[in-house]
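Commentary on secondary and tertiary structure
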Amino acid sequence: MNLPNIIRPEHTFIGVSAPTKWRALQLIADKAAKAFSADGQAILKALEEREKLGSTGIGNGIAIPHAAIDGMSSPRGLLLRFAQPLDFEAIDDIPTDIAFVLLFGENNRGEYLNVLSAIARRLQSDGTLAAMRKARTVDEFYSDFIADSRV
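A brief look at the structure comes next. These numbers come from a predicted model, not from an experiment.

Moving on, we come to the packing of aromatic side chains. Enumeration according to the criterion identifies one aromatic pair in this entry. One Lys or Arg, lysine 31, reaches over the ring of phenylalanine 13 and ends 4.3 Å from the middle of that ring. The residue whose ring lies beneath arginine 81 is phenylalanine 141, and the NZ or CZ to ring-centre distance is 5.4 Å.

Quick look at the structure:
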């Protein structure tokens, strides 16, 4: 799985401020619309619909919002660290501070499941998470995720 092809350094953000999960989804949709030249309202609607099916907060302070978007030819992602952890309604009730957003086309459903699995494994590594949470710059944050750094 070549995650750098799915999420690029310029699609990585730290210090994102959002008071609620729903406001975070709005900010994510705005950032994704700019990053991928896509319809922000369509992205927001798809993310909200997916979230209504069940929280994408997977626990340990991590969320992986994801949705199918018309016109996406391959899976693409954003990586974010929130300025303050927020309630993403994760199963463990730990507030979310890191989110990986995955958008994919209807034709990529099989591929996106592999990407979700790779992301979940990477983000559940304590060493990677500790490094990402300590990162002071976007470059460090991205590198810690991609390199699977250990501290």
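Okay, helix 6 (residues 138–147) next. Within the sequence span of helix 6, burial applies to Phe141, Tyr142, Asp144 and Phe145. The buried residues of helix 6 occupy an angular sector of 160° when the element is viewed end-on, so they sit on one face. More than 90 degrees from the buried face of helix 6, the exposed residues found are Asp139 and Ala147.

A separate point is the pairing of strand 5 (residues 76–86). Counted residue by residue, strand 5 has eight buried out of 11 residues, so it is predominantly covered. Sheet topology places strand 1 (residues 12–16) next to strand 5; four bridges connect them, and they run parallel. Bridge pairing in strand 5 places isoleucine 14 opposite arginine 81. The pairing of strand 5 with strand 6 (residues 96–104) spans seven bridges and is classified as antiparallel. By the bridge assignment, arginine 81 is partnered in strand 6 with isoleucine 98.

Taking 1.5 Å per residue, 14 residues should reach 20 Å; helix 3 (residues 40–53) reaches 20 Å between its end C-alpha atoms and fits that length. Gly40, Ile43, Leu44, Ala46, Leu47 and Glu51 are the residues of helix 3 that are buried. Along the long axis of helix 3, the arc covered by the buried residues comes to 165°, so they all point the same way. In helix 3, those exposed residues whose orientation departs by more than 90 degrees from the buried face are Gln41, Lys45, Lys52 and Leu53.

Turning next to the pattern of salt bridges. Evaluated as defined, the whole model comprises four salt bridges. For lysine 21, the salt bridge is made with glutamate 51, and the minimal N-O distance between the two is 3.2 Å. You can see lysine 21 sitting in helix 2 (residues 21–36) and its partner glutamate 51 sitting in helix 3, a full 30 residues away along the chain. Taking relative accessible area as the criterion, lysine 21 reaches 2% and is therefore assigned buried. In this structure, arginine 133 engages aspartate 97 in a salt bridge whose closest nitrogen and oxygen atoms are separated by 2.7 Å. On the criterion of sequence distance, the pair formed by arginine 133 in helix 5 (residues 126–134) and aspartate 97 in strand 6 is long-range, its members being 36 residues apart. Using a relative accessible area of 13% as the deciding quantity, one classes aspartate 97 as buried.

This paragraph deals with the packing of helix 2 against helix 3. Two elements in contact, helix 2 and helix 3, have axes separated by 8 Å at closest approach and are oriented at 140°. As judged from the angle between their axes, helix 2 and helix 3 are oblique. Read as a crossing pair, helix 2 and helix 3 show a hand that is right-handed. Residues Lys21, Trp22, Leu25, Gln26, Ile28, Ala29, Ala32 and Ala33 of helix 2 form the contact with helix 3, whose own contacting residues are Gly40, Ile43, Leu44, Leu47, Glu48, Glu51 and Lys52. Among the residues forming the contact of helix 2 with helix 3, the class breakdown is nine nonpolar, two polar and four charged.

Conventions adopted
Every chain is numbered independently, its residues counted from 1 as its sequence is written. It should be noted that, the model being predicted, local features are given only for residues of pLDDT at least 70 and side-chain atom pairs only at 80 or more, the latter also being counted only at that level, while totals for whole chains, interfaces and linings use all residues. Processing note: side-chain calculations cover all non-hydrogen atoms of the structure and skip hydrogens and water entirely. A pair of Phe, Tyr and Trp rings is counted when the ring centres sit within 6.5 Å of each other, with Trp represented by its six-membered ring. The angle between the planes then sorts it: under 30 degrees is stacked, over 60 is edge-to-face, the rest tilted. Only Lys NZ and Arg CZ are tested; either one counts as a charge over a ring when it is within 6 Å of the ring centre and within 35 degrees of the ring normal. For every residue, the accessible area (1.4 Å probe, protein chains only) is compared with the maximum for its type, and the residue is labelled buried under 20%, exposed over 50%, or partly exposed between those bounds. The helix count covers DSSP runs of H or I at least four residues long, the strand count covers runs of E at least two residues long, and both are numbered beginning at the N terminus. Here the arc refers to the set of directions running from the helix axis out to each C-beta atom. Should DSSP find at least two bridges between two strands, the strands are taken to pair. Here the expected length of a helix is defined as 1.5 Å per residue gap, with one fewer gap than residues. Counted as salt bridges are all cases of a side-chain nitrogen of Lys or Arg within 4 Å of a carboxyl oxygen of Asp or Glu. The axes are straight lines fitted to the C-alpha atoms, using for helices just the contacting stretch, and the angles between their N-to-C directions are given from 0 to 180°. Angle categories: roughly parallel below 35 degrees, roughly antiparallel above 145, roughly perpendicular from 65 to 115, and oblique for all the rest. The sense of a crossing depends on the near helix, which, turned anticlockwise from the far helix by less than a right angle, makes the crossing left-handed and, turned clockwise, makes it right-handed. Whether two residues are in contact is decided by their heavy atoms, any of which lying within 4.5 Å being enough. Side-chain classes are defined by residue name, with Ala, Val, Leu, Ile, Met, Phe, Trp, Tyr, Cys and Pro counting as nonpolar, Asp, Glu, Lys and Arg as charged, and the others, Gly among them, as polar.

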